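# An overview of the molecular structure
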Amino acid sequence: MSKILTVYDDVDPLNNIISALTLHADEIFYVYHHDIPDRYFENIRKVIGKYTSAPVHFIQLNDDEKELNEILEHSEDLIIDVGGAKYLSLFLFELASAKENRLVYYDDDENCVKDYRSHSVITKDVFKLTIEDVLNLRGGTIKSCMHKPATDPETKEAILDLVEKNFTSYNSFTRFITKLNSILNDSKYLGYNMYKLDEKDRINIVTDNCYRNSKDLFEIDEKDRLRFKNKKLREMVSVSGSFLENYLYIRLTESGLFDDVMMSVVIDFADERYSHPVRCEIDCMIIKDNRLLFVSCKSTKADTEALNEIYVHNHRFGNVLSVPVLCVLDELDRKYPSTYAKGEELGIYLVDRSSFLENDVSEIFASILDGTYIYDDVD
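Residues numbered from 1 in each chain as written. Predicted model: local features only at pLDDT ≥ 70, side-chain atom pairs only at ≥ 80, totals over all residues. Heavy atoms only, no water.

All told, the structure shown has 0 disulfides when counted by the stated rule. The thiol of Cys284 is unpaired, and the distance to the nearest cysteine sulfur, on Cys297, comes to 5.9 Å. In this structure Cys284 comes out as buried when scored by relative accessible area, which is 2%. (Disulfide = S-S within 2.5 Å. Buried < 20%, exposed > 50% of the residue type's maximum accessible area, 1.4 Å probe, protein only.)

As structure tokens, then:
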């Protein structure tokens, strides 16, 4: 039977659970000094309880040396996790180093658990958290996905073709989609994803430069009836931004480079102080080896507000391994250099049109996760 003792870390939530889950602890002890809201402890119990029935104890210390020695003396096989960088972790290390207890820590740079005395790797097979786990540790709960991703082959193929045909003029494409939706909302619905157009609206659609690149979306017959290929594509036209979100989701999931990808995630982070939901939406979330990307998708122009929003989401729900990403189908570094430079200064990774044109976009996100991403030069 293995037990593990660690100092509760109120800065980086990964330090609270990775070693315990990786080493399959049968009982887990957390020690801490100052008063901590019970909901923070419940967040840990929620994630740990998903994978193990090991008892979890939270012990507030009043006399550090006396109480820690009592714990150490009564548990000879106790593993000491000294990963937290704070006074209490150092003091615990000082007490335990004179005993025979095993000393371990989670190395978040190399994503492995190491033995402190020998600095050797105990295991590189570190426990992998899900996107939901990472959010739960910071008090966030996934409530739904606002826009459901396309799943059938026909729709996925149409989305990929539509977005890629319009890479170089995506702003025009989104304007076309918005105009199309407005026209259809005022047109007679004939059923079976079909609408009756008047002559003026038909001409307005077919003379748009983006019409020729939208044949995968709908057809117009000789009787001026516009028919979508399926219901999902019609639904997507009502929210023009859903095309880029779906494109990104399809490319990332089909690449096989990531542990999980989620689209249009609605997160509730209200605590017991609120009787109503407190929610936000994140366009895309990607996780690989516990490294989580918070992604904001913008069809065209991105501004300071967009940077600040995704920066705050990462700060609120992320950890030391998570990073914010702004994805926009425009040349951000050339058209909006001040926005691009601010994003780089804030540590926000920027995926713009050149990333889509010059690479497989999934490889760009993989480079963010493995540390090889390079920002564009801003003149």
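This brings us to unusual backbone geometry. For Tyr192, which is not a glycine, the phi torsion comes out positive at approximately 55°. Along the polypeptide, Tyr192 turns up in the loop between strand 9 (188-191) and strand 10 (194-196). For Asn290, which is not glycine, the phi torsion reads 70° and is therefore positive. Mapped onto the secondary structure, Asn290 falls in the loop between strand 14 (279-288) and strand 15 (291-298). (Helix = DSSP H or I, 4+ residues; strand = E, 2+ residues; numbered from the N terminus.)

A word on the side chain of Thr174. Its place among the elements puts Thr174 in helix 7 (residues 170-185). A relative accessible area of 8% means that Thr174 is categorised as buried. Side-chain polar atoms of Thr174 contact the backbone oxygen of Asn171, separated by 2.8 Å. Excluding its chain neighbours within four sequence positions, the residues that come into contact with Thr174 are Ser240, Ser299 and Thr300. (Polar contact = N/O pair within 3.5 Å; in protein donor to acceptor, adjacent residues only side chain to side chain. Contact = heavy atoms within 4.5 Å.)

Attention now moves to the pairing of strand 6 (residues 112-115). The side chains of a regular strand alternate, first on one face of the sheet and then on the other. The alternating pattern of strand 6 places Cys112 and Lys114 on one face and Val113 and Asp115 on the opposite face, and all of these are buried. The pairing of strand 5 (residues 103-107) with strand 6 spans 4 bridges and is antiparallel. The residue of strand 6 that forms the bridge with Val104 is Asp115. Counting the residues in the hairpin turn of strand 5 and strand 6 gives 4 residues, including Asn111, whose phi is positive at 55°. Counted along the chain from strand 6 to the antiparallel partner strand 7 (residues 121-123), the turn is 5 residues long, and its residue His119 has a positive phi close to 60°. (Pairing = 2+ DSSP bridges.)

Next up on the list: the sheet that holds strand 14. On the basis of which strands lie adjacent, the open sheet formed by 6 strands has the order 8-13-14-15-16-17 and mixed pairing. What marks the edges here is a single partner per strand, and that holds for strand 8 (141-145) and strand 17 (349-351). Mean inter-strand twist for the sheet, computed between neighbouring axes without regard to direction, equals 40°. Judged from the 4 bridges that link them, strand 8 and strand 13 (residues 260-268) form a sheet pairing that is antiparallel. (Axes fitted to C-alpha atoms, helices over the stretch in contact; angles between N-to-C directions.)

Per the stated rule, a full pass over the model turns up 21 salt bridges. Residues Lys114 and Asp107 are paired through a salt bridge, measuring 3.0 Å at the closest nitrogen-oxygen approach. Each member of the pair, Lys114 as well as Asp107, is classed as buried. The salt bridge involving Asp289 is made with Lys128; its shortest N-O contact spans 3.1 Å. Residue Asp289 is located in the loop between strand 14 and strand 15, and its partner Lys128 is located in the loop between strand 7 and helix 5 (131-137); the two are separated by 161 residues in the primary sequence. Under the relative-accessibility criterion, Asp289 is labelled partly exposed at 25%. When its relative accessible area of 42% is taken as the criterion, Lys128 is described as partly exposed. One network of salt bridges, in which partners are shared, links Lys128, Asp259, Lys288 and Asp289. (Salt bridge = Lys/Arg side-chain N within 4 Å of Asp/Glu carboxyl O.)

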